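# Chains, contacts and geometry: an overview
Now for the letters of each chain:
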Amino acid sequence: MLLAGQMMDRPLLVLPLLQHAARHHADSTIVTLGVEGTVHRTTYAETYERVQRLAHALVRLGIKPGDRVATLALNTFRHLDLYFAVAGIGAVCHTVNPRLPPDQLRYLLSHAEDRLLFFDTCFAEQAAALVAGVPTLERVIALTDTAHAPEDGRFGDLLVYDTLIAREGVAFPWPEFDENTAAGLCYTSGTTGLPKGVLYSHRSLVLHSFAVAANGLASAGDVLMPVVPMFHVNAWGIPHAAPLMGAPLVFGGPAFDGPRLFHLMDEEAVTCAQGVPTLWQGLVAEMRARGRRPKALTRVVVGGAAVSDAMIRAFEDEFGVEVCHAWGMTETTPLGVINRPKEKFKTAPRERQIRQKLKQGIGVYGVDIRIADGEGRSLPRDGASQGHIQVRGPWIIRSYFKEDHSPLTADGWFDTGDIGTLDPDGYMEITDRAKDVIKSGGEWISSSMLENAALGHPQVAQAAVIGVPHERWLERPLLVCVPRGAPPTLGEINAFLATRLPKWWLPDALECVDALPIGPTGKVLKTKLRERFKHIRLE
Ligand code: AMP
């Protein structure tokens, strides 16, 4: 017979992360470059005070446990308030990507049945369209002060955030509830079919915060700047993990371009920042223009898409900023694997180190990973066998919001839709999305590795590889690139790639374009590329 443990059964809830910071790291700062262009400074203690006022306001507006509250907002201190106040009263904070087209925004808010919408003033147009198009929406609140609130009749009785919370008291009687209660909602990007809702529980977010802190996605002692937006997978868990560690936060608001990112990081002595590769390209360009890094920056975490060899060399070799690769997805909260160098790679030759850094990383404690073939059989962890990456763990999705059928395999794993390898050291490497993989004569060619290698060519600024039909091999790679300076020829590119990749991987065709189609979460839209180049047939 099992013997029950005798420790307290305290629920893992999101609000105590902030309460902890307010109590033990009261003065730690939260700096925001606001959407109006001014810098705002606050602390964890003040944040907790605002969060209590906001909780009163939410209740006064009729928000009940389980209700959904939407945000259309960038990374700011007010957005952080919402993360904690909404979850704290047992409601669900639905972070919406404002860059989505209007019909998708309407779909998302209607599907979630959001009752309130909090919006940054730079998204007034989107918010106004939603007021008219979402039947469940009762009130909209501008995330600003009275001086900057939009003045037009489209919002009906518009509320202004600062005024709304100013009239409330502090000392909110926080409820305590089951840790499996939903706290946050984020929809997948919907590149295949309709977006699907992922409901994060309090328990999953708290456990994920520990994983973020324990594995160096963010660390105690860092000044953290999540450049990844708070509307995209909980800004990779930084807004929850930072108060857990008492770490200062810097929010860039509208700053996604190299010059503003650099300036803010430099001024606020940011030590560690997280974001997708397209963002970091801008920062690298700015560092090159100035001939230095932001003064305190020691580490960037790159995820959301694969980091390239060229980017690792730029950050590390030119500026001494460590690059840390990570992988995850909306359905995994997102942290799944992260690449911190094992001792044995620290002393390896540079080329070997870089090869290892290009891998997405090692599974963190809490996330089980396996690769499976088409029939669901586990494949060896030999660094060579490619298969479907499947995961399970306490912060991995079990089912999508309002969907009956289970997305899991019969034995309870979530198939990520990514294809990759696992090596004997435990490192996972993504070679493709299942739908993007190029099947040439029955063998798989990795578009991700081809893209990375092509980015090493001096005349290639951006690269994407898609499969196009081939008479004999069924599919062959087409390289689409944005040239840097004079467009390269296929012969030049292939002579370069031939020293790095198997001969049969080399692209059969090259197209140079002015820009790659980028989706709302910063990833290349391969569906658009396939559409654009569907006339290409190779033989
Ligand atoms: P999303 O749910 O929008 O965050 O997208 C998740 C997908 O982004 C994953 O399934 C991967 O295909 C891709 N992804 C995330 N991180 C990486 C990475 N480090 N390298 C390659 N692909 C990545």
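See the structure shown above.
Numbering of residues begins from 1 in every chain and follows the order in which that chain's sequence is written. In view of the model being predicted, local features appear only for residues whose pLDDT reaches at least 70, and side-chain atom pairs are presented and counted only at 80 or more, with totals across whole chains, interfaces and linings using the full set of residues. Side-chain measures here rest on the full set of heavy atoms in the structure, leaving out hydrogens and waters.

## Concerning the side chain of H470
- Comment: elements are numbered from the N terminus, with helices defined as DSSP H or I runs of at least four residues and strands as E runs of at least two. Position of H470 among the secondary structure elements: in strand β23 (residues 460-470).
- By relative accessible area, H470 is classed as buried at 9%.
- Distance and chemistry together define a polar contact, namely a pair of N or O atoms within 3.5 Å, with one atom able to donate a hydrogen and the other to accept it when in protein, and with adjacent residues in sequence counting only for side-chain atoms on both sides. Of the polar contacts made by the side chain of H470, one reaches the backbone nitrogen of W473; its length is 3.0 Å. A 1.4 Å probe rolled over the protein chains alone gives each residue an accessible area, and that area as a share of the maximum for its type sets the label: buried under 20%, exposed over 50%, partly exposed in between.

## Looking at the site of the ligand
- Proximity is defined per residue: any heavy atom of the residue falling within 4 Å of a molecule or strand makes that residue near it. Taken together, 15 residues lie near the ligand, and A326, T330, Q360, D418 and R433 sit nearest.
- Q360 places a side-chain nitrogen or oxygen 2.8 Å from a nitrogen atom of the ligand.
- In this structure, an oxygen atom belonging to the ligand sits 2.9 Å away from a side-chain N or O atom of K523.
- At 4 residues, the largest contribution of residues to the shell around the ligand is made by strand β14 (residues 322-328).

## Here we look at the nonpolar core
- Judged by nonpolar contacts, the single largest core of 117 residues is most densely connected at F118, W280 and F315.
- In terms of residue count, the dominant contributor to this core is helix α3 (residues 77-88) (8 residues).
- With near-sequence residues (within four places) excluded, W280 lies in contact with V227, M265, A273, Q274, G275, V300, V301, V302, M311 and F315.
- Nine residue types can take part in a nonpolar core, namely buried Ala, Val, Leu, Ile, Met, Phe, Trp, Tyr and Cys, and a core is a set of them joined through side-chain atoms within 4.5 Å. Counting residues in hydrophobic clusters, the runner-up holds 28 residues, among them L74, A127, A142 and A182. Contacts are assigned to residue pairs that have any heavy atoms within 4.5 Å of one another.

## Remarks on helix α4 (residues 102-112)
- All buried positions along α4 are accounted for by L105, L108, L109, H111 and A112. Down the axis of α4, the sector holding all buried residues measures 165°, keeping them to one side.
- Two residues or fewer past α4, E113 is found with a positive phi of approximately 55°. Along the arc lie the directions from the helix axis toward the C-beta atoms.

## A few points about the layout of surface pockets
- Site definitions follow a grid-based scheme: protein atoms alone, a 1 Å grid, a 1.4 Å probe that fits but cannot get out for cavities, and for pockets an open set with protein on both sides within 12 Å along at least five of seven lines, plus lining residues having an atom within 4 Å of a point. Grid points are joined across faces, edges and corners, and a volume is the space filled by probe spheres set on the points. Approximately 450 Å³ is the volume attributed to the second largest pocket.
- In this structure, the second largest pocket is lined by 20 residues; those nearest its centre are L199, Y200, S201, I396 and R398.
- Looking at the lining of the second largest pocket, the elements that each hand over two or more residues are β9 (197-201) and α7 (202-214).
- For the lining of the second largest pocket, the leading source of residues is β9, giving 4 residues.
- Taken together, the residues that form the lining of the second largest pocket break down as 10 nonpolar, 7 polar and 3 charged. Amino acids are sorted into nonpolar (Ala, Val, Leu, Ile, Met, Phe, Trp, Tyr, Cys and Pro), charged (Asp, Glu, Lys and Arg) and polar (every other residue, Gly among them).

## Let's talk about the sheet that holds β9
- At least two bridges found by DSSP between two strands is the condition for calling them paired. Read across the sheet, 7 strands follow the order β7-β6-β5-β3-β4-β8-β9 without closing on themselves; strand pairing throughout is mixed. Here the strands that pair on one side only, and so sit at the sheet edges, are β7 (159-160) and β9.
- Sheet topology places strand β8 (residues 182-187) next to β9; 5 bridges connect them, and they run antiparallel. Counted as the bridge partner of L185 is L199 from β9.
- To get an axis, fit a line to the C-alpha atoms, keeping to the stretch in contact for a helix; angles then go from 0 to 180 degrees between the N-to-C directions. The strands touched by α4 within the sheet are β3 (68-72), β4 (92-95), β5 (116-119) and β8, with β8 carrying the most contacts at an inclination of about 155°.

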